[in-house]
Amino acid sequence: IFQFGIFYDDDMEFHPGPVFNFGGRVHSNGNIFLAAGTGLYFASKVTAHNNVFTDVGKNGKPYTTWGDNVYVRNGSGVPTRVDHTMGSVLTNPINGAPVTNYPAPLPPAPTAYRNANWTSGLNFSGSYDGNLLANQQTLKLPIKISADISGQAVDLVQLLKRGKNADSTAGTGDIWNDGTGTVAAPTILPVTATTKDDPITASERYYNKTGIRVSFADGKAKLPGCVTSAGAAVVAKCGVRLDADPTGQVQGAYVAGAAGRGYNPSAGHAMTGAPAYLPTEINGERFYSPGKESWIKVETVVYNAATQKYDTQDITEDILSLGVTERAPDIAGNFTVIENNYSTLANDSLGVPTGTDSRSIIKLQQFMMRLPAGYGGIAINNAAGAVAPNNYMTNSGFAGATRNYVEPAALAAGPLTCAGALVGQITTVNQGSFPNGLTTTAMGLAKITPDRPHWKTASISGGPNNKCVVAFPINFFDTREGLFNESTTVFNRDTAYKVGGNYNVPWAGVMTSVDIDVANLKRFLAGDFDGGAKPGLPSAGTPFTVAAGHALRSTDIPSSNGWVIYVSDRRGDRDFDGEYDMEDIYGNNDGALQLGEDVNGNGILEADYLNVGGAQEAAKYSASGLYSPPVPAAAPVVPVNYRSFVSPDMAATFEHPFYRRAVRLVNGSDLPGFYDTVTPSNSKGFTVASENGVYVLGDYNSTGVATYGSPTPATDFLPQGTRDVPASIAADAVTVLSNKWSDANSFANPFTNTNRVADVETNTRFAMLAGDSITTLDATPNQGGQDTRMNGGVHNFIRFLEQWSVRLNYCGSLINLFNAHNNSGAYKNGGGAVYNPPTRNWVFDSSFLDINRIPPGTPFFQYIQITGFQRINN
């Protein structure tokens, strides 16, 4: 599929303002809408299964809204203009009956009629020597063909969903939502032999591709392969619980002991060899939500042709022994964590950093929100609203609550040791929100002493060692997901969200991230932690070491043309279906099903406003005005919608219990894998797949471009040679964050994109398979801004959250197979809140035309061509 420059399974829309010149073969299994302000250039064949529209956008607005500067090359390679009168269908003149090629669940298109000149007279399609065609054959993936044969409709988002296995290698299986219940009362059952994935579906899912699978869930039974095939019991040791005891194996109620609440990656199975390495323990108090559990499972996956099953091996404890924390930076004169050798960042004789947490691959927490050079630091929501001269998350003073560090008054002038000397001196910390959950007596709950085992001593802003810091989850704010409407005349965000002159942020946009450190993953797959003269992973005490008889090594990770890393985070997913279940994106949660809201096409408006239950949850997030509006006692639940909000310092530093989850790729300029220029078939690529939204932070699989063209050719993206790795990202949606992106700034400036400036060029090279939102005929209510009721078009298929003033260099393939089910917020641009696009230096990665350069896990089309019949029996 990545041998197409652009492929859409449904309608494809172009209406760029600046010049858009991408290249590669273009095909839509629906219609193609062509418009352009400055220029839209196609270098290869453009085909549509249905029709080509040129005089109207899909939302019904005329071509004059954008322009008709569209060019397709003829047989001689000369760009030839496609005038607005040259579509295969036109809104005017009337020619017979209107075309009707919009089967449900596709929303209606503008009324149009067949263009008589498309096949006769001027013969517009022929003017391009077969390079612009309508009414062509649809192209289908095997999972779609299988569904057609069985008579069952299928949403291609299933490529990204978790699988349904009933008979894994260990005789264990999964549980699933069978669809017979509701969001509030789902029917979740063990997968059986009759409900498990059929072989074609199983083989098509990224979940089952060869490599590493990472799964998160609210309970152990919801992890893959953790229940018996009959669902009668939970497997004894399967995955790790993050928010309970240091061993990570306690289920149900847990009271933190002397060791504190939270999984300790080195508990009983630390990394072996020199130098000594000590990963930071999970701050369980920041991850804990009463009534919920937080579980993770990491496993290898490979298909066993002999048994026709997918063999998996639990490697959770082994991988987590590398760490789960973003390393605390040592910023001279500004921020230094004293304990556990954080201030010693030297490398050993092998060039491997010795500092704590320097090897973490799966990052779940951090000590500070570091800002890129040039920002000077931001104090989140501080009382004066000023920019502070520091580079970490400060105690903001919002609502009088300390969020990130403690400065005991009695010891403010001198050094201290946070984990020991303060015992008995600090009994509570301002509303108990550092680092524990709710402790205020206003809710009738006893005060809780902060969990001292997680405290680290720090020197901040050149002062003495007089601060106690604690690790907190990795969160950021996605304005597109969180803001209901960009038009301030329709939705006044100041009156809706401001408290005391500072903005709160709506829960709907607060994303808790699982950061995948690609550089550390590359080190692991390259053998840097294989033992011997190098550091080694635990040699005993884990499910893998028991089964294999040795420590996990890079060679134990299965590979087929490279590696697929699949990540699924379903924490907070109450009905366990891998969907956000909040389709009510227009009308400020008006409860009415509007065109464009039904992303799963079931005819029902999923509007799970009350997606967290339990009085404890309500108390935790309603206390002291930190959650608004207050939750009434008669309805002890916390709704998540555009009107419910939280202080940004609370949102930034606490794990929330909602199904707003993200996967982010960091430090990805140099990927695992290589291109073998001598024997190309030996090349290894790298693919990341997730049913969540994926965010790419900074350079990815590229460090720059050698030249600037219109666009830059793929051969000029750097590096070239063996290091230009065949790569792809398959996700619910893909958002590119620039090299200048700041999590802290996303909370400090949630609704002003001019204060989230991307002024550092960013370079990316990957094939992209993802979903978009739904375009419908323009109507009210809508999302505000420009291009109302539209999805942004192909040129906005990659999503943005910043004010770009430089180029985004992108080389790849753009594939849209479904509508986004998790990052389902409407497209927004033009109101100054979400983004301003980069200069798009985008090009098709022509190296994908080489079969040896296809990224691992790539879907392939299938078709049947009948050539004849022969009788073979009597």
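These remarks concern the structure in this document. (Residues numbered from 1 in each chain as written. Predicted model: local features only at pLDDT ≥ 70, side-chain atom pairs only at ≥ 80, totals over all residues. Heavy atoms only, no water.)

As a further point, take the overall build of the protein chain. From N to C terminus, the protein chain includes eleven helices and 48 strands. In the protein chain, of all internal contacts separated by at least 6 residues, the share reaching a separation of at least 24 is 72%. Accessible surface computed for the protein chain: about 29800 Å², of which carbon and sulfur atoms make up 53%. (Helix = DSSP H or I, 4+ residues; strand = E, 2+ residues; numbered from the N terminus. Contact = heavy atoms within 4.5 Å. Areas by Shrake-Rupley, 256 points an atom, 1.4 Å probe, with all protein chains shown as cover.)

Turning to the side chain of threonine 316, a few remarks are in order. Among the secondary structure elements, threonine 316 is positioned in helix H4 (residues 316–320). Given a relative accessible area of 1%, threonine 316 falls into the buried group. Separated by 2.6 Å, the side chains of threonine 316 and aspartate 314 make a polar contact. Residue contacts for threonine 316: discarding those within four places in its chain leaves Gly239, Val240, Ile296, Lys297 and Val298. (Buried < 20%, exposed > 50% of the residue type's maximum accessible area, 1.4 Å probe, protein only. Polar contact = N/O pair within 3.5 Å; in protein donor to acceptor, adjacent residues only side chain to side chain.)

With that settled, consider the pairing of strand S37 (residues 661–666). On any regular strand, side chains alternate: one points to one face of the sheet, the next to the other face. Within S37, six of the six residues are buried, which leaves the element mostly enclosed by the surrounding structure. The alternating pattern of S37 places Arg661, Val663 and Leu665 and Ala662, Arg664 and Val666 on opposite faces, both of which are buried. Summarising the sheet, strand S33 (residues 510–517) and S37 pair through six bridges and their orientation is parallel. Of the residues in S37, the one forming a bridge with serine 513 is alanine 662. Inspection of the sheet shows S37 paired to strand S39 (residues 693–697) by four bridges, in the parallel sense. Bridge pairing links valine 663 to valine 694 in S39. (Pairing = 2+ DSSP bridges.)

Residue proline 93 follows asparagine 92 across a cis peptide bond; omega there is 10 degrees. In this chain, serine 710 is followed by proline 711 through a cis amide linkage whose omega measures 0 degrees. For proline 711, the position within the fold is in the loop between strand S40 (704–705) and strand S41 (717–718). Phi at asparagine 588 is positive, roughly 55 degrees, even though this residue is not glycine. Counting through the fold element by element, asparagine 588 comes out in the loop between strand S34 (562–569) and helix H9 (615–622). Although it is not a glycine, asparagine 667 adopts a positive phi angle of roughly 55 degrees.

Further remarks concern helix H1 (residues 142–150). Here H1 has its buried residues at Pro142, Ile143, Ser146 and Ala147. Summarising the axial view, the buried residues of H1 lie within an arc of 140 degrees, below the 170-degree limit, and thus occupy one face. Its buried side turned inward, H1 meets helix H2 (199–204). Looking at the residues trailing H1, positive phi occurs at glycine 151, about 80 degrees. (Arc of directions from axis to C-beta.)

Note that leucine 769 resides in strand S45 (residues 762–772). For leucine 769 and proline 859, which are 90 residues apart along the polypeptide, the C-alpha to C-alpha distance reads 9.8 Å. Residue contacts for leucine 769: discarding those within four places in its chain leaves Phe2, Tyr206, Ile729, Ala730, Ala731, Ile815, Leu817, Phe818 and Pro859.

Attention shifts here to the pattern of salt bridges. Tallying each qualifying case throughout the model produces 32 salt bridges. The partner of glutamate 293 in a salt bridge is arginine 241, with the nearest N and O atoms 3.7 Å apart. Placement of glutamate 293 in the loop between helix H3 (284–287) and strand S20 (295–304) and of arginine 241 in strand S19 (residues 240–241) is noted, with a sequence separation of 52 residues between them. The two residues glutamate 293 and arginine 241 agree in class, both being buried. What emerges from the salt-bridge pattern is a single network uniting Asp569, Arg571, Glu655 and Arg661. (Salt bridge = Lys/Arg side-chain N within 4 Å of Asp/Glu carboxyl O.)

Here we take up the sheet that holds strand S10 (residues 79–82). Strand order in the open sheet made by the four strands is S3-S6-S9-S10, with mixed pairing throughout. A single partner strand is all that each edge strand has here, and the edge strands are strand S3 (20–21) and S10. In this sheet, S10 lies alongside strand S9 (residues 68–73) in antiparallel orientation, the contact comprising four bridges. Among the inter-strand pairings, tyrosine 71 is bridged to a residue of S10, identified as arginine 81.

Further remarks concern the state of the cysteines. Tallying each qualifying case throughout the model produces one disulfide. The partner cysteine of cysteine 226 in its disulfide is cysteine 238, sulfur to sulfur 1.9 Å. In this structure, the disulfide formed by cysteine 226 and cysteine 238 twists by about -80 degrees around the S-S bond and is classed as left-handed. Taken together, the residues cysteine 226 in the loop between strand S17 (211–217) and strand S18 (227–228) and cysteine 238 in the loop between S18 and S19 connect sequence positions twelve residues apart. The same class applies to cysteine 226 as to cysteine 238, namely buried. (Disulfide = S-S within 2.5 Å.)

Within this structure, the stated rule accounts for 29 aromatic pairs. Seen from their ring centres, tyrosine 303 and tyrosine 310 are 5.0 Å apart, and the 55 degrees between their planes marks the pair as tilted. For tyrosine 303, a relative accessible area of 41% gives the class partly exposed. Exposure remark for tyrosine 310: the relative accessible area of 14% places this residue in the buried category. Ring centres of tyrosine 503 and phenylalanine 751 lie 5.1 Å apart, and the angle between their planes is 80 degrees; this geometry places the pair in the edge-to-face category. With tyrosine 503 in strand S31 (residues 502–503) and phenylalanine 751 in the loop between helix H11 (743–748) and strand S44 (757–758), the pair connects residues that are 248 residues apart, well separated along the chain. (Phe/Tyr/Trp six-rings, centres within 6.5 Å; stacked < 30°, edge-to-face > 60°.)

Here we come to the side chain of aspartate 716. Mapped onto the elements, aspartate 716 comes out in the loop between S40 and S41. Those residues within four positions of aspartate 716 in sequence are excluded, and the remaining contacts are Gly704, Val705, Ala706 and Thr707.

This part covers the nonpolar core. If you look at the biggest cluster of nonpolar residues, it comprises 149 residues, and the most contacted ones within it are Phe14, Ile362, Phe524, Tyr700, Leu814 and Leu817. For this core, the leading source of residues is strand S47 (residues 807–819), giving six residues. With residues near it in sequence (within four places) discarded, tyrosine 700 still touches Val518, Leu665, Gly668, Ser669, Leu671, Phe686, Val688, Ile729, Asn763, Thr764, Arg765 and Phe766. Counting seven residues, the second-largest nonpolar core is a separate cluster that includes Phe33, Val89, Val99 and Ala109. (Core = buried A, V, L, I, M, F, W, Y, C linked by side-chain atoms within 4.5 Å.)

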